[in-house]
Every structure is written in C-alpha cells, then in structure tokens.
Amino acid sequence: DAKRFLHALAAYREALKERTRGRVPLDWAATQNNLGIALQLLGQREGNTEVLLDAVAAYREALEERLRTRAPLDWAGTQNNVGNVLPLLGQQNGDIDYLRHADTAHKEALKEFNRDHWPLQWAGTKNNLGNALAAIGRLESDTASLSDAAVAYREALEEWTQQRVPLQWASAQNNLAGVLATVGERESDTASLRSAIVAYREALKEFTRDRSPLQWAATQNNLGDATRVLGERENSFDGLQAALSTLSEALKE
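Residues numbered from 1 in each chain as written. Predicted model: local features only at pLDDT ≥ 70, side-chain atom pairs only at ≥ 80, totals over all residues. Heavy atoms only, no water.

*Asks:* I'm lost on helix H4 (residues 72–93) in this one. Help?
*Replies:* Note that an α-helix has 3.6 residues per turn; residues three or four places apart therefore point the same way. Between its terminal C-alpha atoms H4 stretches 32 Å, which fits the 32 Å expected from 22 residues at 1.5 Å a residue. The first or second residue beyond H4 is Gly94, which carries a positive phi of 65 degrees. (Helix = DSSP H or I, 4+ residues; strand = E, 2+ residues; numbered from the N terminus. Expected span 1.5 Å × (residues − 1).)

*Asks:* Explanation requested: the layout of surface pockets in the structure shown.
*Replies:* The computed volume of the largest pocket comes to approximately 610 Å³. Around the largest pocket sit 24 residues that line it, and Gln44, Gln91, Asn131, Tyr153 and Asn175 are the ones nearest its centre. Only helix H2 (25–46), H4, helix H6 (119–140) and helix H8 (166–187) provide two or more residues apiece to the lining of the largest pocket. A per-element tally of the lining of the largest pocket places H6 first, with seven residues. Taken together, the residues of the lining of the largest pocket break down into nine nonpolar, 14 polar and one charged. (1 Å grid on protein atoms, 1.4 Å probe; cavity = no way out; pocket = protein on both sides within 12 Å on 5 of 7 lines; lining within 4 Å. Points joined across faces, edges and corners; volume = space filled by probe spheres on them. Nonpolar A, V, L, I, M, F, W, Y, C, P; charged D, E, K, R; others polar.)

*Asks:* What should I look at first to understand the nonpolar core in this one?
*Replies:* What tends to happen in soluble globular proteins is that the nonpolar side chains get buried as a cluster. Counting residues in each nonpolar core, the largest one holds 37 residues, and the members touching the most others are Ala149, Tyr153, Leu176, Val179, Ala196 and Tyr200. Elements with a contribution of two residues or more to this core: H6, helix H7 (143–159), H8, helix H9 (190–203) and helix H10 (213–233). No other element matches H8, which puts nine residues into this core. If we ignore the near neighbours within four places in the chain, the residues touching Ala149 are Gly130, Leu133, Ala134 and Val179. The next biggest cluster of nonpolar side chains, apart from the first, holds 29 residues, and it includes Leu42, Val56, Ala58 and Leu86. (Core = buried A, V, L, I, M, F, W, Y, C linked by side-chain atoms within 4.5 Å. Buried < 20%, exposed > 50% of the residue type's maximum accessible area, 1.4 Å probe, protein only. Contact = heavy atoms within 4.5 Å.)

Below, the structure is given as structure tokens:
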C-alpha cells in the first residue's frame with residue numbers, strides 16, 4: 001500500500017523537526033536512515049528514479065554522523081543500505097557507475113560485519129554484494145563478475161542455512177541459480193545450467209506455493225527457463241517437456 005509508505009515518510013520528516021542534527025546527531029542519523037529505507041521501498045515499488053535518488057541522499061546524510069569510528073555497526077548497516085539502493089538505479093538507468101559504487105559500499109560494510117561476530121549480517125551483506133556483482137555482470141556481459149557473484153552467494157549460504165533462516169537461504173539459492181543460468185546461457189555451459197536447476201529446486205523447498213506464492217511462481221518460471229535452455233542444448237525432448245510442465249506450474253500463480 002503506497003499510502004502507508006507516504007505516511008511513514010511524513011512521520012520521519014516530522015520526527016526530524018525535533019531530532020535535529022545539532023541536538024541529537026545519532027538519533028537524527030537513525031531517522032535519516034529510516035527515511036532512506038522508506039524511500040527505497042516506495043521507489044522500488046513504483047520504479048521511481050527520483051524517489052530512489054532521495055533514498056540515496058538520506059542514507060548519505062545518515063553517514064555524516066554514523067561514522068565508522070563512532071558507531072561502526074550502524075555505519076555498516078547504512079553502507080549496506082546504500083549498496084542495496086544503488087543497483088536499482090543502475091538497472092533502471094543502465095549506469096554501471098551506480099553498480100560499482102554499490103559493490104564498494106557492500107565491501108565497506110563487510111569491514112564491520114565480520115563473519116565471526118555477525119554471521120547473519122555478514123551473510124546478508126555477501127548476498128547483497130552478489131546482487132551488485134550479478135548486475136554488473138549482466139549489464140557488461142562480464143562472466144568474471146557473474147562468477148564472483150556466484151562465489152559471494154555460496155559464501156552467504158555457509159551462514160544462511162536452511163535450518164537457521166529458511167527464506168533467506170531460499171533467496172540466496174534463487175540468486176545463485178540466476179547467475180549460474182546466465183553463465184550457462186552465455187557460455188554454452190551445460191554444467192552451469194544443471195547447477196542452476198539444482199539451486200532453483202533447492203529454493204523451491206522453502207518458496208512453497210502456500211507460503212510464498214509469488215516467489216514460488218517466479219522460481220518455477222526461472223526453473224522452466226533453465227530447463228528449456230538445457231533441453232535445447234542437449235536436443236532433449238524430455239528436457240523440453242519438463243520445462244513446459246514447470247512453466248505451466250508458474251502460470252497457476
């Protein structure tokens with residue numbers, strides 16, 4: 001509901017009238033960060049570049065007080081947020097610079113979100129780094145960046161396990177499958193396509209139709225695409241039949 005996002009934006013802006021930078025700088029920065037999150041979600045929902053740019057501006061305001069030396073985990077969290085919004089702009093505008101800045105922001109966040117002390121945050125940031133690298137790879141047809149993205153997703157899966165965080169695990173499996181499928185399609189690499197199919201099927205263990213119908217349908221669609229391409233490469237009638245069955249499942253949602 002876009003109206004709820006607008007109400008959230010209004011509330012944060014009201015808060016900033018008293019939570020001023022001069023009076024309570026860290027509280028001001030926290031509200032700027034929250035404002036950025038709401039703007040990012042609204043901009044992503046509506047595909048609105050201007051709103052996404054406002055989100056980036058809010059995060060950068062927050063980082064003026066959320067310094068690594070003063071509030072290292074908050075600094076890392078906001079760096080991670082910056083890294084999440086920039087790929088949306090890069091993909092909308094076809095601007096590789098946004099994606100490269102996202103890559104840098106996630107790597108900055110990892111300086112504080114270390115695996116030993118913050119394993120889930122580390123894994124989440126690795127997953128987000130994978131997203132930035134995957135976007136670079138797709139935009140520039142750069143197989144090396146796609147391979148680096150696959151490494152980042154696999155690292156994330158070492159901590160984002162199915163038992164601990166099942167939906168995040170499924171999301172990372174789906175992301176991993178996506179880059180493997182892209183590599184397989186571009187490089188005529190049937191091994192990558194087969195690995196993508198395995199990862200999509202893993203994701204479907206948690207992205208069930210009852211629990212996450214839209215993710216289930218999207219993953220079924222992607223699985224169908226990968227299975228179809230593999231069937232074409234191998235000239236396999238059974239593979240094409242399997243792809244048709246999978247795509248028919250996706251159409252149910």
